[in-house]
Amino acid sequence: MSDQPMRATPMVVAVDVHKYFGALHALDGISLEIAPAEILCIIGPSGSGKSTFLRCINQLERIDGGAIWVDGALAGYRRVGDALHPLTDGEIARQRLSSGMVFQRFNLFAHMTALENVIEGPVVVQKRRKSEAIEAALALLERVGLAEKRDAYPAELSGGQQQRVAIARALAMKPRLMLFDEPTSALDPELVGEVLAVMRDLAASRMTMIVVTHELGFAREVANRVVFMDGGRIVEEGAPQDILATPRHQRTKEFISAVLP
Amino acid sequence: MTGGNDSAASPYSVAHLRHVGRPHWGRWLAAVLILLAFAAIVQAFVEGQIAWHVVAQFLTAQAILSGLVNTVLMTFWAMAFGIVLGVLFAIMRMSPNPVLRSVSVFYIWFFRGTPLLLQLLLWFNLALILPRLGIPGIGWLRTVDVITPFVATLLGLGINQGAYTAEVVRGGILSVDSGQSEAAKTIGMTRLTTLRRIILPQAMRVILPPIGNEVISMVKLTSLASVIQYAEILRNAQTIYFANARVIELLIVAAFWYLAVVTILSIGQYFIEKRFSRGGGDRGAGPAAPRQT
């Protein structure tokens, strides 16, 4: 995959990815390519495997078949001839640095202030100087509109504010790719807008983004491509206006008419 | 019904009403009864055959104070050893490595399953099993020289404490939301860094109250070491009363010092727990004061 000379290296290449949870076939042969600076939205009903696929990209889940390349590196394995040797804990941790992730339930470190959350990775993992990390973190908090909340603990922040700190925390690692796992699903309706605004700003900066979302409005406006998943498979994919306005498959039509008011 | 306040005739006017405290007859009665019982106990002790001047005399005796120091030192070292072992075995117990997991399960099973007094006697008599200790090619020592009463007590109390602490620490680790370690992974942390930086600091809130309890319990468990000749406060009190036959007086002296140490520790526990509850959402003190970073 990575030796096609005519094109830029794809940011993510997934080939026939399978994942089982016990007897449940959660991912049933997912193949997908994401180009640098592309913004891909994955939509689909709950249980369709869209979050699982996202978690496989940064190896929060181990895949049971197929392979995923992230930023040119085979995820989780070292290939020696035709044998795939699993990477160590430390090597997997290093691979994860190419992607940042934002969770549905924010998962800010509860014992750290907003600023401490953002500098934790740069200082502890990347061994950057603390003063530099603080400077960069303050700029990121400014960018997500929370500079004045630097010393607040997560419990003192609203859901929307926590999610914006979580985005700053992920960006502080300078990832090549950002993964969003239903970033607005746990938010009160009036807080969704502030998080989507930060994501729009990020999209405008040509960050590669994969967004699992129910916000079809956001997908229509920001995405380059929309993928509809159901039952662990990709049912259809295409430009947002095509998928959202004139879906071809019956399942896609049902889903979109159920989600849109 | 409007303007109720001006119209005194209205059954709904409330301005002139006042609250009257409920009488607490039961509390007064209980207080009187308990005071009477307490007075009776105090009188019994004052009139009983306790030579209080002997208690006062031995309260600060050299042997008692050195026993007190030994009790406090042993509590500290045994607890420190126990916590190190407890964290280590809790992490092993949750490791993906099945060998480490089994070793930890065996350790906890064995040392929680046998009486502490028996374990102390076993360590003290280790020379009966292994006359010499050492590493082949490096050197050997006679076991009786190595296993002093201090070392036997430290091993016995520390290793036993470790088995309990391991379970407390494991419970604390399990209490931390799994999203925390997932978030740590996504910023590139390894398993052990995640434990050290993210999981253990948050588990502390759950771990500390029972550990505080066990420190207090340890103060008193050190008295078991009196049977293997460790010169802690109870053993020194016994040594004195074997000589002067003032049994009760010296037991009161020892009890006084145990209570004093436990009281100080209880106060310390309160402040340590407060320190580690930060970010918990229910700190009571409102928003955290801004800190210089």
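Attention here is on the structure that accompanies the text. If you're wondering where the values come from, they're calculated on a predicted model, not measured in any experiment. (Residues numbered from 1 in each chain as written. Chains lettered and ligands numbered in written order. Predicted model: local features only at pLDDT ≥ 70, side-chain atom pairs only at ≥ 80, totals over all residues. Heavy atoms only, no water.)

1. Brief notes about the overall build of chain B
Within chain B, the secondary structure is distributed over twelve helices and two strands. Counting helices and strands in the order they occur from the N terminus, chain B gives α-α-α-α-α-α-β-β-α-α-α-α-α-α. Taken against the 2.2 N^0.38 rule, which gives 19 Å for 293 residues, the C-alpha radius of gyration of chain B at 28 Å runs more than 25% over that of a compact globule. Each principal axis of the C-alpha distribution contributes one length, and for chain B these read about 105 × 70 × 40 Å. For chain B, the residues scored as buried account for 36% of the 293 residues in total. Counted over contacts in chain B with a minimum sequence separation of 6, partners at least 24 positions apart contribute 73%. Accessible surface, chain B: about 17800 Å² in total, of which carbon and sulfur atoms supply 68%. Charge separation in chain B, taken as the distance between the mean sites of 22 positive and 11 negative side-chain charges, equals 7 Å. (Helix = DSSP H or I, 4+ residues; strand = E, 2+ residues; numbered from the N terminus. Rg over C-alpha atoms; globule rule 2.2 N^0.38 Å. Buried < 20%, exposed > 50% of the residue type's maximum accessible area, 1.4 Å probe, protein only. Contact = heavy atoms within 4.5 Å. Areas by Shrake-Rupley, 256 points an atom, 1.4 Å probe, with all protein chains shown as cover. Lys, Arg positive; Asp, Glu negative; His and termini not counted. Charge placed at Lys NZ, Arg CZ, Asp CG, Glu CD.)

2. Topic: helix α4 (residues 98–113) of chain B
Helical geometry note: an α-helix holds 3.6 residues per turn, so side chains three or four residues apart project in the same direction. For α4 of chain B, which comprises 16 residues, the first-to-last C-alpha distance of 22 Å matches the rise-based estimate of 22 Å (1.5 Å per residue) to within 8%. Its buried side turned inward, α4 of chain B meets α3 (62–93), α5 (116–124) and α8 (149–175) of chain B. (Expected span 1.5 Å × (residues − 1).)

3. Re the interface of chain B and chain A
Between chain B and chain A, the contact holds 28 residues from the first and 33 residues from the second. Surface buried jointly by chain B and chain A totals about 2600 Å² across both partners, of which 56% is contributed by carbon and sulfur atoms. Scanning the region where chain B abuts chain A turns up three salt bridges. For the side of chain B that touches chain A, the element with the most residues is helix α9 (residues 178–186) of chain B, which contributes seven residues. (Buried area = accessible area lost by both parts, 1.4 Å probe. Salt bridge = Lys/Arg side-chain N within 4 Å of Asp/Glu carboxyl O.)

4. Re the environment of K253 of chain A
Residues and elements named next belong to chain A. Of note, K253 is situated in helix α9 (residues 250–259). Since its relative accessible area comes to 38%, K253 is described here as partly exposed. Separated by ten residues in sequence, K253 and I243 place their C-alpha atoms 8.9 Å apart. Among residues more than four places away in sequence, those in contact with K253 are P247 and R248.

5. Regarding the nonpolar core
Residue and element names in this part refer to chain A. Ranked by size, the top nonpolar core spans 73 residues in total, and within it I68 and I210 carry the most contacts. Beyond its immediate stretch of four places on either side in the chain, I68 contacts V12, V13, A14, V17, C56, I57, I63, A73, L74 and A75. One finds V102, I119, L187 and L202 within the second-largest nonpolar core, a separate group that totals 51 residues. (Core = buried A, V, L, I, M, F, W, Y, C linked by side-chain atoms within 4.5 Å.)

6. Quick word on the pairing of strand β3 (residues 39–43) of chain A
Looking down a regular strand, the side chains alternate between one sheet face and the other. Residues and elements named next belong to chain A. By the criterion of burial, β3 is predominantly enclosed, with five of the five residues buried. Judged by which residues are buried, β3 turns out to be covered on both faces: I39, C41 and I43 on one side and L40 and I42 on the other are all buried. Of the pairings in the sheet, the one linking β3 to strand β11 (residues 225–230) comprises four bridges and is parallel in character. Paired with I43 across the two strands is F228, which belongs to β11. (Pairing = 2+ DSSP bridges.)

7. Let's talk about the side chain of H18 of chain A
Residues and elements named next belong to chain A. Looking at where H18 falls in the secondary structure, it is placed in strand β1 (residues 12–21). Within the local environment of H18, its side chain forms a polar contact with the side chain of H25, the two groups lying 2.9 Å apart. Those residues in contact with H18 that lie beyond four places of it in its chain are H25, L27, D28, G29, I63, D64 and G65. (Polar contact = N/O pair within 3.5 Å; in protein donor to acceptor, adjacent residues only side chain to side chain.)

8. Some points on the sheet that holds strand β2 (residues 24–34) of chain A
Strand-to-strand pairing in sheets goes through backbone hydrogen bonds, with the strands running parallel or antiparallel. Residues and elements named next belong to chain A. Taken in spatial order, the four strands of this open sheet run β2-β1-β4-β5, and their pairing is antiparallel. Of all strands in the sheet, those with a lone pairing partner are β2 and β5 (73–74), marking the two edges. Inspection of the sheet shows β1 paired to strand β4 (residues 65–70) by five bridges, in the antiparallel sense. Paired with V12 across the two strands is V70, which belongs to β4. Of the strands in this sheet, β1, β2 and β4 are in contact with helix α1 (residues 50–57), which crosses β2 at around 60°. (Axes fitted to C-alpha atoms, helices over the stretch in contact; angles between N-to-C directions.)

9. Points about the environment of Q62 of chain B
All names here are of chain B. Note that Q62 resides in helix α3. Overall, Q62 belongs to the exposed group, its relative accessible area being 64%. For Q62 and N236, which are 174 residues apart along the polypeptide, the C-alpha to C-alpha distance reads 9.9 Å.

10. Remarks on the packing of aromatic side chains
Residue and element names in this part refer to chain B. This structure, assessed with the given rule, holds eleven aromatic pairs over all chains. Both rings, one in F106 and one in F110, keep their centres 6.2 Å apart while their planes meet at 15°; by these two values the pair is stacked. Placement of both F106 and F110 in helix α4 is noted, with a separation of four residues, approximately one turn of the helix. Given the relative accessible area of 31%, F110 is considered partly exposed. Ring geometry for Y107 and F111: centres 5.3 Å apart, planes at 50°, overall tilted. (Phe/Tyr/Trp six-rings, centres within 6.5 Å; stacked < 30°, edge-to-face > 60°.)

11. A closer look at unusual backbone geometry
It is generally the case that most residues other than glycine have a negative phi and that most peptide bonds are trans. Of note in the backbone geometry, E182 of chain A takes a positive phi value of approximately 45° without being a glycine. Considering the arrangement of structural elements, one finds E182 of chain A in the loop between β9 (177–181) and α6 (189–204).

12. Concerning a nonpolar patch on the surface
Residue and element names in this part refer to chain B. A grouping of V69, L73, F76, W77 and F150 is seen on the molecular surface, where their side chains present a nonpolar patch of about 490 Å² in accessible area. Residue contributions to the nonpolar patch peak at four residues, all from α3. Mapped onto the fold, F150 is located in helix α8. Under the relative-accessibility criterion, F150 is labelled partly exposed at 33%. (Patch = residues over 30% accessible without salt bridge, like charges linked within 9 Å, V, L, I, M, F, W, Y side chains within 5 Å.)

13. Section: the packing of α9 of chain B against helix α10 (residues 191–221) of chain B
All names here are of chain B. Running from N to C, α9 and α10 cross one another at 155°; their axes reach a closest spacing of 10 Å. Considering the angle they form, α9 stands roughly antiparallel to α10. Here α9 runs over α10; the crossing is right-handed. From α9, Q180, S181 and A184 reach across to α10, where they touch T194, I198, I199 and Q202. Split into classes, the residues belonging to the contact of α9 with α10 amount to three nonpolar, four polar and no charged. (Parallel < 35°, antiparallel > 145°, perpendicular 65-115°, else oblique. Left-handed = near helix turned anticlockwise from the far one by under 90°. Nonpolar A, V, L, I, M, F, W, Y, C, P; charged D, E, K, R; others polar.)

14. Structural notes on the sheet that holds β11 of chain A
All names here are of chain A. Strand order in the open sheet made by the six strands is β8-β9-β10-β3-β11-β12, with mixed pairing throughout. In the strand order of this sheet, the two ends are held by β8 (99–102) and β12 (233–238), each with one partner. Adjacent strand axes in the sheet meet at a mean angle of 20° when their direction is disregarded. The pairing of β3 with strand β10 (residues 208–212) spans four bridges and is classified as parallel.

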